[in-house]
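# Coordinates in review
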Amino acid sequence: MSEAPLQIEGLRVTYGDVVAVEKLDLGLREGEIYGLIGSNGAGKTSAIKSVMGLLVPSSGKVRVFGKDPVPEGIFTRSVTGYVPEVSILYDALTPREYLEFVASVRGLSGFDDRLVDFTLALQIDGEMDRAISTLSNGTRQKVLVVSALLHQPRLLILDEPFNSLDPRSVRIMRDLLGAYVKNGKRTILFSTHTMEVAEKLCHRVGVLDRGLLRGEGTLTELRQQVGLPSASLEDIFLELTTDREQLSKIVSRLEAA
Amino acid sequence: MDWKQRFRAANILYREVTFQAIYALKSGNVFAASERKRGEEGPARAQRRVFQSKMTVAVLFMLTFLASSFALSTGRRYFPTTLSPVYFDGAIISLVLVVLFSLVWITGLQVALPFVSSQATTALLVLPVDEEDAAWISFLAFLRLFDAPLVTALIFFPIAVGYGIGSLWAGLAVVPGVVSTEIFALSLSLLTAKFFSRSVSGASGGSLRSLAVRWAYLILWTIPSLVITIFITFSYQIISALGSWENGDPTLLNVVFALFPFPFGYLSAATAALSGDPLSSFLVPLALAGAYLVLMALSARWLLDAPIALSRVVNVSGERSMNSAPLVVSRPTLAVLKKDLRIASRTPAYAFLLLLPLLDAFVLGLFTYLGSPAPVLAERYAFAGVTVAVLLATFFGPVFFATEIIGFSLTRTLPLSQRTLILSKTLLIAIVYLLAFAVVAVLVSSKVHNFPSFVLFALLELPAVVAAALLEIGVLLERAKRTGVPIASLYSGAWWTTLVVLPGLLVSAAPLAVYNYLSLPYLPPIAWMAVTACLMLIPIGVLVLRGKNLPI
């Protein structure tokens, strides 16, 4: 039996006295798109960085295809593609130069057609020879996505990938990601606070709030969990993470002001 | 907005720029859990680091002024020149002003690009601040980045001149010269920064031709350093030439003393000898100095608006191109090397550090070639050229790791091993050393008596250069992994970088010391040098390159 793409047990991440993630248990199945949703500061990025081996957790266990991503960093980075939350790139390179660097480090060959398809689909084919410092945030984000997809990783990890994208690009990305897992061999983990995208794209969703996983499952399972049979993901999220009474009071006060 | 408010706003901008210079590149990065806690005191730490760097530059200025004071008071004893005292003193003061001009220019240039890229001043554009206030606030924030060196020059150079010549008036008379030197240099630094921002940092195109054009532009960046090195190295020859012109062809001397900043140097020196010279001899230099002061006033007016204007420069260069050429894939070590060279080709500060050893090798080689010293002396100069190349290549080694910090958060997500990364950086340092040696070799080949032994000397030193590079890059990578402190530039982290560079310099200098100063038995000095170099390389290589598949 093949190892699960991702298995997290009792993950705890702290920054000094601040607890970013607490007792997180999570498992991804091959071929699924899993959305980690939560407000700003909910712990999504910390959890994702732990998966990539970029953060050493305070306690708990993370396994990517059965291996610990910290000591087995080279393996983890070979089988994953990662788009960070902040689109920091080598500003002094062009997208072509950056992708050439990524392809070389990954030892890729025979990917030219794929590259053309990605750049055409994301409409960055005309931006390939401009310095990255001169590109818009959205274009930088697209360059990062292409670099993460170039080697067709078995596990694609995207941290807030839709943040800087225009509606058209969001739609294209959504279709692209949907098609990416079609063959059932690849898996996507992505974090977002855009409920609409998560609702349309994800097979399963985890709701993270102040470091704790408040709920997890398919949309149907989550509806059952909160007892709202026709609720949208936004309603479910608010139900799981917000004191609705207090929120109503604040909204009333703001309306009266 | 009153001045107090302008200064307060400039201080906030200054804090932001220093913070970004030290910490901003870390955002999205992955660092130890303790980092966030330490990050709370980040702005204060950033300011401390920039303060340390400013003080380092200020101390460098003071040492220059101290040397000039010594030259003014006792120089004529060591410079057996026919140049008359007023011209001699004027020339010394002017040469120091030229060096000061170049130092401020290069410092300003180094500071100007990060100042723009921090985008701190853009916050002013969305606030209800009028144009004049915004210009003043940006200007004051920019000045604060190197206030200590500027004030040091303004106070200590007049004191050095006054003490050296033995005249209070001579010291006071040099003040306009210092002020105009600083203003011209700052203006030029912003003007050239604008050029580099458009033509280099934001230049499009990945072709070999565009790469070559960028490197050609980057040679311009080295001009101030070239001026400093040439003026210091050839000061004796310059004074001698001025002496022979005074007696043989005064027109040439007059032309030189009409150029900036020589009228200021002459006036300061002549003030001390006021009673001896006829008043008419002052009129021409006075008129020239007056003209330069008018230019300085215009330059100062331009300078006031320049920092905010520079922040508005938007780099949207390059046409949309449909270049569908396939990507060129290379081995990981070469890929990192290519990436670093490409980054350097659009980042003048890094390119400068790559070019500096070559530049100094060029000057020393030129000195050997033009100076036509006796063969033995020529050989010494040539060996000195290689020694300088060794020391500079290993001194600036850590900077090549700094290029990695820029995108470290991304690089760490790639399957790149520590060994590959360290080897590629070491390869770059070795290439810089070998190129510097080649420059010296070409220039001295006709002058050095035993050229093959000179070549052998340079090649046998290579293992020590490699060992030093491995040590420096290995320590820095370990440090960056453990603490996440970005070693972004020598300017922002001078103290810590010194702690890394010092062992590196000791390693690279050890074989040179064995060759030059020890008389060991059984083998010739050059063989002992080779043994020492290998003894440095083997343990360091084993230690740093252990573990084939350790992730970065």
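### Observations regarding the overall build of chain A
The number of helices and strands found in chain A is ten helices and nine strands. Every one of the 257 residues in chain A was classed for burial, and the buried ones make up 57%. Contacts in chain A between residues at least 24 apart in sequence constitute 68% of all its contacts with a sequence separation of at least 6.

### So, the overall build of chain B
Looking only at helices and strands, chain B has 24 helices and zero strands in total. The burial tally for chain B puts 52% of its 552 residues in the buried class. Across chain B, contacts joining residues at least 24 apart in sequence account for 83% of those joining residues at least 6 apart. Here chain B has roughly 23,800 Å² of accessible surface; of this, 70% comes from carbon and sulfur atoms.

### Things to note about the packing of helix H13 (residues 250-258) of chain B against helix H14 (residues 262-272) of chain B
All names here are of chain B. Remark: H13 packs on H14, axes separated minimally by 6 Å, with the N-to-C direction vectors making an angle of 100°. It follows from the interaxial angle that H13 and H14 lie roughly perpendicular. Residues Val256, Phe257 and Ala258 of H13 touch H14, and the partners they reach there are Phe262, Pro263 and Tyr266. Tallied by class, residues from the contact of H13 with H14 come to six nonpolar, no polar and no charged.

### Let's talk about the packing of helix H3 (residues 95-105) of chain A against helix H5 (residues 137-149) of chain A
Residues and elements named next belong to chain A. At a minimum axis separation of 10 Å, H3 and H5 run at an interaxial angle of 25°. With respect to H5, the element H3 is oriented roughly parallel. By crossing handedness, the relation of H3 to H5 is classed as right-handed. Of the residues in H5, those in contact with Pro95, Tyr98, Leu99 and Val102 of H3 are Val143, Leu144, Val146 and Ser147.

### Some remarks on the pairing of strand S7 (residues 187-192) of chain A
Residues and elements named next belong to chain A. Here S7 lies mainly inside the structure; six of its six residues are buried. The side-chain alternation of S7 yields two buried faces, one formed by Thr187, Leu189 and Ser191 and the other by Ile188, Phe190 and Thr192. As paired elements, strand S6 (residues 155-159) and S7 share five bridges and run parallel to each other. Considered in S7, the bridge of Leu158 is made with Phe190. Regarding topology, helix H6 (residues 167-180) serves as the crossover connection from S6 to the parallel S7, and that connection is right-handed.

### Notes on the packing of aromatic side chains
By the definition in use, this model includes 24 aromatic pairs over all chains. Plain terms: the ring middles of B:Phe101 and B:Phe260 are 6.5 Å apart, the flat faces sit at 70° to each other, and that makes the pair edge-to-face. Here the residue B:Phe101 occupies a position in helix H4 (residues 85-117), and B:Phe260 occupies one in the loop between H13 and H14, the gap between them amounting to 159 residues. Residue classification places B:Phe101 among the buried residues on the basis of a relative accessible area of 17%. Linked through ring pairs, B:Phe101, B:Trp105, B:Phe184, B:Phe260, B:Phe264 and B:Tyr292 together constitute an aromatic cluster. Directly above the ring of A:Phe75 sits A:Lys67, whose terminal nitrogen or CZ lies 4.4 Å from the centroid. B:Arg6 extends its terminal NZ or CZ atom over the ring of B:Trp3, reaching a point 4.6 Å from the ring centre.

### Overview of empty space enclosed by the protein
Here the structure, examined in full by the defined rule, presents three cavities of 30 Å³ or more. Estimates place the volume of the largest cavity at around 60 Å³. Lining the largest cavity, in full, are A:Gly81, A:Tyr82, A:Tyr98, A:Val102, A:Arg106, A:Ser147, A:Ala148, B:Leu410, B:Thr413 and B:Leu414. Looking at the lining of the largest cavity, the elements with two or more residues in it are strand S5 (80-83), H3 and H5 of chain A. Classifying every residue of the lining of the largest cavity gives six nonpolar, three polar and one charged. Here the second largest cavity is characterised by a volume of approximately 40 Å³. Lining the second largest cavity are A:Glu97, A:Glu100, A:Phe101, A:Ser104, B:Ser330, B:Ala335, B:Lys338, B:Lys339 and B:Arg342. Class assignment for the residues of the lining of the second largest cavity results in two nonpolar, two polar and five charged.

### What about the side chain of A:Arg174?
Residue and element names in this part refer to chain A. Along the chain, Arg174 falls in helix H6. Salt bridges are absent for the buried Arg174, whose nearest opposite-charge side chain, Glu196, sits at 4.9 Å. With residues up to four places along the chain from it excluded, the contact list for Arg174 reads Phe162, Val197, Lys200 and Leu201.

### Things to note about the sheet that holds strand S4 (residues 59-64) of chain A
All names here are of chain A. Here three strands make up an open sheet; going across it, the order is S2-S1-S4 and the pairing antiparallel. Of all the strands in the sheet, the pair left with one neighbour each is strand S2 (18-28) and S4. Along the sheet, successive strands turn relative to each other by an average axial angle of 25°, direction set aside. Here five bridges tie strand S1 (residues 6-15) to S4, and the two strands are oriented antiparallel to one another. Following the sheet pairing, Glu9 is matched in S4 by Lys61. Taken strand by strand, helix H1 (residues 44-51) contacts S1, S2 and S4, and its axis lies near 120° from that of S1.

### Some thoughts on the sheet that holds strand S3 (residues 33-37) of chain A
Residue and element names in this part refer to chain A. The strand order across the open sheet built from six strands is S5-S6-S7-S3-S8-S9, with neighbouring strands paired in mixed fashion. Of all the strands in the sheet, just S5 and strand S9 (212-217) have a single pairing partner and so form its edges. Within the sheet, the average angular offset between the axes of one strand and its neighbour, ignoring direction, is 15°. Pairing geometry for S3 and strand S8 (residues 204-209), over four bridges, is parallel. The residue of S8 that forms the bridge with Leu36 is Gly206. Across the sheet, helix H8 (residues 219-226) is in contact with S8 and S9; its angle to S9 comes to roughly 120°. Across the sheet, helix H9 (residues 233-241) touches S3, S8 and S9, and the angle it forms with S8 is around 35°.

### What to know about the confidence of the model for chain B
Residue and element names in this part refer to chain B. Confidence in the prediction of chain B, expressed as mean pLDDT, is 80, and 84% of residues score 70 or more. When pLDDT is averaged over each element of chain B, helix H7 (residues 147-165) comes out on top at 92 and helix H2 (residues 34-39) at the bottom at 48. In this model residues 24-37 is a low-confidence stretch, pLDDT under 50, and it forms 33 contacts with partners more than four residues away in sequence or in other chains. The model gives residues 486-492 a pLDDT under 50, and that stretch makes 31 contacts with residues more than four places away or in other chains.

### Examining the pattern of salt bridges
Within this structure, the stated rule accounts for 24 salt bridges over all chains. The salt bridge involving A:Arg63 is made with A:Asp68; its shortest N-O contact spans 3.6 Å. The partly exposed category is assigned to A:Arg63, whose relative accessible area is 25%. What you see here is one network of salt bridges that share partners, running through A:Glu97, A:Glu100, B:Lys338, B:Arg342 and B:Arg346.

### Remarks on the nonpolar core
Counting residues in hydrophobic clusters, the biggest one holds 204 residues, and the most contacted among them are A:Tyr98, A:Phe162, A:Ile188, A:Phe190, B:Phe157, B:Phe257 and B:Phe454. In terms of residue count, the dominant contributor to this core is H4(B) (22 residues). Each of domain 1 (56-314) and domain 2 (330-552) of chain B gives at least three residues to this core. Non-local contacts of B:Phe454, meaning those with residues more than four positions away in its chain, are made with B:Ala382, B:Phe383, B:Val386, B:Phe437, B:Val440, B:Ala441, B:Val444 and B:Val448. Within the second largest apolar cluster, 28 residues are counted, among which are A:Leu6, A:Ile8, A:Leu26 and A:Leu54.

### Let's talk about the environment of B:Leu186
Structurally, B:Leu186 is set in helix H9 (residues 175-201). Leave out the neighbours within four places in its chain, and B:Leu186 touches B:Val104, B:Phe142, B:Leu143, B:Phe146, B:Leu150 and B:Leu303.

### Observations concerning helix H11 (residues 223-233) of chain B
What H11(B) keeps buried is the set B:Pro224, B:Ser225, B:Ile228 and B:Thr229. Projected onto a plane normal to the axis of H11(B), the buried residues spread over an arc of 130° and lie on a single side.

Parameters at a glance
- Residues numbered from 1 in each chain as written.
- Chains lettered and ligands numbered in written order.
- Predicted model: local features only at pLDDT ≥ 70, side-chain atom pairs only at ≥ 80, totals over all residues.
- Heavy atoms only, no water.
- Helix = DSSP H or I, 4+ residues; strand = E, 2+ residues; numbered from the N terminus.
- Buried < 20%, exposed > 50% of the residue type's maximum accessible area, 1.4 Å probe, protein only.
- Contact = heavy atoms within 4.5 Å.
- Areas by Shrake-Rupley, 256 points an atom, 1.4 Å probe, with all protein chains shown as cover.
- Axes fitted to C-alpha atoms, helices over the stretch in contact; angles between N-to-C directions.
- Parallel < 35°, antiparallel > 145°, perpendicular 65-115°, else oblique.
- Nonpolar A, V, L, I, M, F, W, Y, C, P; charged D, E, K, R; others polar.
- Left-handed = near helix turned anticlockwise from the far one by under 90°.
- Pairing = 2+ DSSP bridges.
- Right-handed = clockwise from strand over helix to strand, strands pointing away.
- Phe/Tyr/Trp six-rings, centres within 6.5 Å; stacked < 30°, edge-to-face > 60°.
- Lys NZ or Arg CZ within 6 Å of the ring centre and 35° of its normal.
- 1 Å grid on protein atoms, 1.4 Å probe; cavity = no way out; pocket = protein on both sides within 12 Å on 5 of 7 lines; lining within 4 Å.
- Points joined across faces, edges and corners; volume = space filled by probe spheres on them.
- Lys, Arg positive; Asp, Glu negative; His and termini not counted.
- Salt bridge = Lys/Arg side-chain N within 4 Å of Asp/Glu carboxyl O.
- pLDDT = per-residue confidence, 0-100.
- Core = buried A, V, L, I, M, F, W, Y, C linked by side-chain atoms within 4.5 Å.
- Domains from an automatic or database assignment.
- Arc of directions from axis to C-beta.

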